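Single-letter residue listing:
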Amino acid sequence: MEVTVGESMRALVAATYGGPEVLRIAEVARPEPGAGEVLVRVAAAGTNPADSVARAGLIRDWFGEGPYVWGWDVSGVVAAVGPGVARFAPGDQVFGMPRFPQPAGGYAEYVRAPAHELAAKPDGMDHTAAAALPLCGLTALQTLDLAGVSPGQRVLVNGAAGGVGHLAVQLAKAHGAHVIGVAQDVNHPFLKTIGADEAVDYTTTRVADAYRDIDVVIDCAGDDGLVATLRRGGVFASVPGAARGPGSLERAAEASGVRVVRHIVLPDGAGLARLAQLVESGSLSVAVSRTLPLEEGAVAHELLDTGHTRGKIVLVVRDEEAGA
């Protein structure tokens, strides 16, 4: 695939912080790969709650002032490689979550990424699904690793139908755990299809009263009260609170003899390869609730801002390649 130096590309640009309406298509300079980097021709870009948090300016101290091209999850084809890259070549199909939590510019036709932060796209998975996997998949994988989930444990996943949650359910099952998924009743059939052993509706059941002696809680929705469900020596892994410092949760956990895990996901090519192997073995799938063209990125962010999406929303950058 020949790439001409100095070309421009389409990108979804946020000139300022604000609501979804700040996202506009614009022509910007296409990046070029440096040493150890590859240039990816993006077929599809996944969206995440972290994208809308960044767009809204809620963590502007991480980034400073824009303009920015948000987005981290990408899947596509290697267009060019920089000096020192041997693991990939032009034409290879790859996916990843480059540079997180620093800006990566995923909502664009091309992305420049460190080669070691990418992996080969899973065989049999199209680019749309592959673009939905990296950030949520690595978050779930790394969190379960830190929590030490092991065969026979009882694992409760709060927010089990969401982006991280539905992958955490499957990964916990792959670890040999008994999995309890917490979600609204309408999502219970979905949870059973992805391997949950039990499903509980938080709108009709007070989960903190209904369960005891849980080994690990993976909290993807933000309910510190679920510490009461854990046995002494259990683990409370808080996904949405990863960026917050110690507080009331830690005090309650200490009183109950519970360990707290807070983790900000890190780019990890080897972890992506682990996820790809699970996809190829049939042990892991990603739910894509909706696809939208790149031009409708603002609509995707409106949906993200509701906080009630099942699975993932993916932006299709190139129709001819997204389903490849």
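Everything that follows concerns the structure shown earlier in this document.
The paragraphs below set out a description of the structure included in this document.

Rules of the game
Residues numbered from 1 in each chain as written. Predicted model: local features only at pLDDT ≥ 70, side-chain atom pairs only at ≥ 80, totals over all residues. Heavy atoms only, no water. Axes fitted to C-alpha atoms, helices over the stretch in contact; angles between N-to-C directions. Helix = DSSP H or I, 4+ residues; strand = E, 2+ residues; numbered from the N terminus. Parallel < 35°, antiparallel > 145°, perpendicular 65-115°, else oblique. Contact = heavy atoms within 4.5 Å. Nonpolar A, V, L, I, M, F, W, Y, C, P; charged D, E, K, R; others polar. Salt bridge = Lys/Arg side-chain N within 4 Å of Asp/Glu carboxyl O. Buried < 20%, exposed > 50% of the residue type's maximum accessible area, 1.4 Å probe, protein only. Pairing = 2+ DSSP bridges. Phe/Tyr/Trp six-rings, centres within 6.5 Å; stacked < 30°, edge-to-face > 60°. Lys NZ or Arg CZ within 6 Å of the ring centre and 35° of its normal.

Some remarks on the packing of helix α1 (residues 49-56) against helix α10 (residues 297-306)
Line of reasoning, step 1. Put simply, α1 and α10 touch, their axes get as near as 9 Å, and they point 100° apart. When the interaxial angle is binned, α1 and α10 end up roughly perpendicular. Across from P49, D51, S52 and R55 in α1, the residues of α10 making contact are H301, L304 and D305.
Line of reasoning, step 2. Considered class by class, the residues forming the contact of α1 with α10 number two nonpolar, two polar and three charged.

Considerations on the pattern of salt bridges
Line of reasoning, step 1. In the structure shown here, the tally under the stated rule is 15 salt bridges.
Line of reasoning, step 2. When the shortest N-O distance is used, the salt bridge between E37 and R99 registers 2.9 Å. Within this pair, whereas E37 is found in strand β3 (residues 37-46), its partner R99 is found in the loop between β5 (93-96) and β6 (110-114), the two being separated by 62 residues in sequence.
Line of reasoning, step 3. For E37, a relative accessible area of 10% corresponds to the buried category.

Examining the environment of L303
Line of reasoning, step 1. As for its position among the elements, L303 is in helix α10.
Line of reasoning, step 2. Taking the C-alpha atoms as reference points, L303 and P49, separated by 254 residues in sequence, lie 9.8 Å from one another.
Line of reasoning, step 3. Those residues within four positions of L303 in sequence are excluded, and the remaining contacts are R290, T309 and I313.

Considering the sheet that holds strand β11 (residues 214-219)
Line of reasoning, step 1. The six strands lie next to each other as β10-β9-β8-β11-β12-β13, forming an open sheet whose pairing is parallel. Each end of this open sheet is capped by a strand with a single partner; those strands are β10 (198-200) and β13 (259-262). On average, each strand axis in the sheet is inclined to that of its neighbour by 20°, with strand direction left out of account.
Line of reasoning, step 2. With five bridges connecting them, strand β8 (residues 154-158) and strand β9 (residues 178-182) associate as parallel partners. Of the residues in β9, the one forming a bridge with V155 is V179.
Line of reasoning, step 3. Helix α4 (residues 134-147) contacts β11, β12 (230-238) and β13 of the sheet and is inclined by roughly 155° relative to β13.
Line of reasoning, step 4. Each of β8, β9 and β11 is contacted by helix α5 (residues 163-174), which is oriented at about 170° to β8, the strand it contacts most.

Some details on the packing of aromatic side chains
Line of reasoning, step 1. Under the defined criterion, the tally for this structure stands at seven aromatic pairs.
Line of reasoning, step 2. With a centroid separation of 4.8 Å and an interplanar angle of 40°, the aromatic rings of Y68 and W70 are classed as tilted. Each member of the pair, Y68 together with W70, is buried.
Line of reasoning, step 3. Here the aromatic residues Y17, W62, F63, Y68, W70, W72 and F100 are joined through ring pairs into a cluster of three or more.
Line of reasoning, step 4. The ring of Y110 is capped by R318, whose NZ or CZ atom sits 5.2 Å from the centre of that ring.

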